Amino acid sequence: MKQLTQKEEEIMERYWQHGPMQIRELQSHYDEPQPHVNTLATLVKILEEKGFLGHKALTARSFQYFARISREDYKRGSLATVIDKLFGCSYKNAVSALVKSEKISIDELKELIKEVEAGQ
């Protein structure tokens, strides 16, 4: 999965939160100073080329854009990319690194295992 830049992710967050919208509507969801419409249009076009957004024509010159991928799918894809790049495609190595760096305790890991086993 392609990764998003910080600005692209900000735009996607707005589409995930607010649903389909035109560029001007997107702009209205920013605090002042709002980004310029042309800047947003360029970023939206890039997101469309990357496959994150799609569009439908409202009129000959007016388009409504919508998310083509869910936030959850993006998170899963991003996690898989990180695991692949940094941990040699090994989720075990990733979890081990979290435990060794004390980002997750052994007790939390055991609790997580119980939750996963109960959910199956």
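Presented here is a report on the structure given in the accompanying data block. Since the model is a prediction, treat every value here as computed from it, not as a measurement.

This next bit is on the packing of helix 1 (residues 6-18) against helix 3 (residues 37-49). It is the contact of helix 1 with helix 3, at a shortest axis distance of 10 Å, that shows an interaxial angle of 85°. Considered as vectors, helix 1 and helix 3 are oriented roughly perpendicular to each other. Contact residues: helix 1 offers K7, E8, I11, M12 and Y15, while helix 3 offers L40, L43, V44, I46 and L47. Taken together, the residues of the contact of helix 1 with helix 3 break down into eight nonpolar, no polar and two charged.

This brings us to helix 1. In an α-helix, one turn spans 3.6 residues; hence positions three or four apart end up facing the same way. If you check helix 1, its first and last C-alpha atoms are 18 Å apart, about what 13 residues at 1.5 Å a residue would give, namely 18 Å. Residues of helix 1 that are buried: E8, I11, M12, R14, Y15 and W16. Buried positions along helix 1 lie against helix 2 (23-28), helix 3, strand 1 (53-59), strand 2 (62-67) and helix 4 (71-87). Positioned one or two residues after helix 1, G19 has a phi angle of 80°, which is positive.

Below, the discussion takes up the packing of aromatic side chains. The tally for this structure, following the rule as stated, stands at two aromatic pairs. Ring centres of W16 and Y74 lie 6.0 Å apart, and the angle between their planes is 35°; this geometry places the pair in the tilted category. Of the two residues, W16 is situated in helix 1 and Y74 in helix 4; the sequence distance between them amounts to 58 residues. When the centroid spacing of 5.8 Å and the interplanar angle of 75° are considered together, the rings of F52 and Y74 count as edge-to-face. Linking F52 in the loop between helix 3 and strand 1 with Y74 in helix 4, this pair joins segments that are 22 residues apart in sequence. Each member of the pair, F52 as well as Y74, carries the same accessibility label: buried. A cation over a ring is seen here: R14 above Y30, with NZ or CZ 3.6 Å from the ring centre.

Attention now moves to the pairing of strand 1. Every regular strand shows the same layout, with side chains that alternate between the two sheet faces. Of the strand pairs in this sheet, strand 1 and strand 2 are connected by six bridges, and their pairing is antiparallel. By the bridge assignment, K56 is partnered in strand 2 with Q64.

By size, the foremost hydrophobic cluster in this structure holds 19 residues, and its most contacted members are I11, M12, Y15, L26, V44, L47 and F52. Those elements that place two or more of their residues in this core are helix 1, helix 2 and helix 3. The greatest single-element share of this core, amounting to five residues, is contributed by helix 3. If near-sequence neighbours (up to four positions away) are discounted, L47 is found in contact with L4, E8, I11, M12, F52 and L53.

Attention shifts here to the pattern of salt bridges. Under the defined criterion, the tally for this structure stands at three salt bridges. Put simply, R71 and E13 hold a salt bridge, and the shortest N to O gap is 2.8 Å. In this pair, R71 sits in helix 4 while E13 sits in helix 1, placing the two residues 58 residues apart along the sequence. Residue R76 is joined to D73 by a salt bridge in which the shortest nitrogen-to-oxygen separation is 2.5 Å. Here R76 pairs with D73, and both are found in helix 4, just three residues apart, close to one helical turn. Judged by relative accessible area, D73 falls into the partly exposed class, the value being 36%.

What counts as what
- Residues numbered from 1 in each chain as written.
- Predicted model: local features only at pLDDT ≥ 70, side-chain atom pairs only at ≥ 80, totals over all residues.
- Heavy atoms only, no water.
- Axes fitted to C-alpha atoms, helices over the stretch in contact; angles between N-to-C directions.
- Helix = DSSP H or I, 4+ residues; strand = E, 2+ residues; numbered from the N terminus.
- Parallel < 35°, antiparallel > 145°, perpendicular 65-115°, else oblique.
- Contact = heavy atoms within 4.5 Å.
- Nonpolar A, V, L, I, M, F, W, Y, C, P; charged D, E, K, R; others polar.
- Expected span 1.5 Å × (residues − 1).
- Buried < 20%, exposed > 50% of the residue type's maximum accessible area, 1.4 Å probe, protein only.
- Phe/Tyr/Trp six-rings, centres within 6.5 Å; stacked < 30°, edge-to-face > 60°.
- Lys NZ or Arg CZ within 6 Å of the ring centre and 35° of its normal.
- Pairing = 2+ DSSP bridges.
- Core = buried A, V, L, I, M, F, W, Y, C linked by side-chain atoms within 4.5 Å.
- Salt bridge = Lys/Arg side-chain N within 4 Å of Asp/Glu carboxyl O.

Bear in mind that shape data such as this cannot, by itself, settle questions of function.
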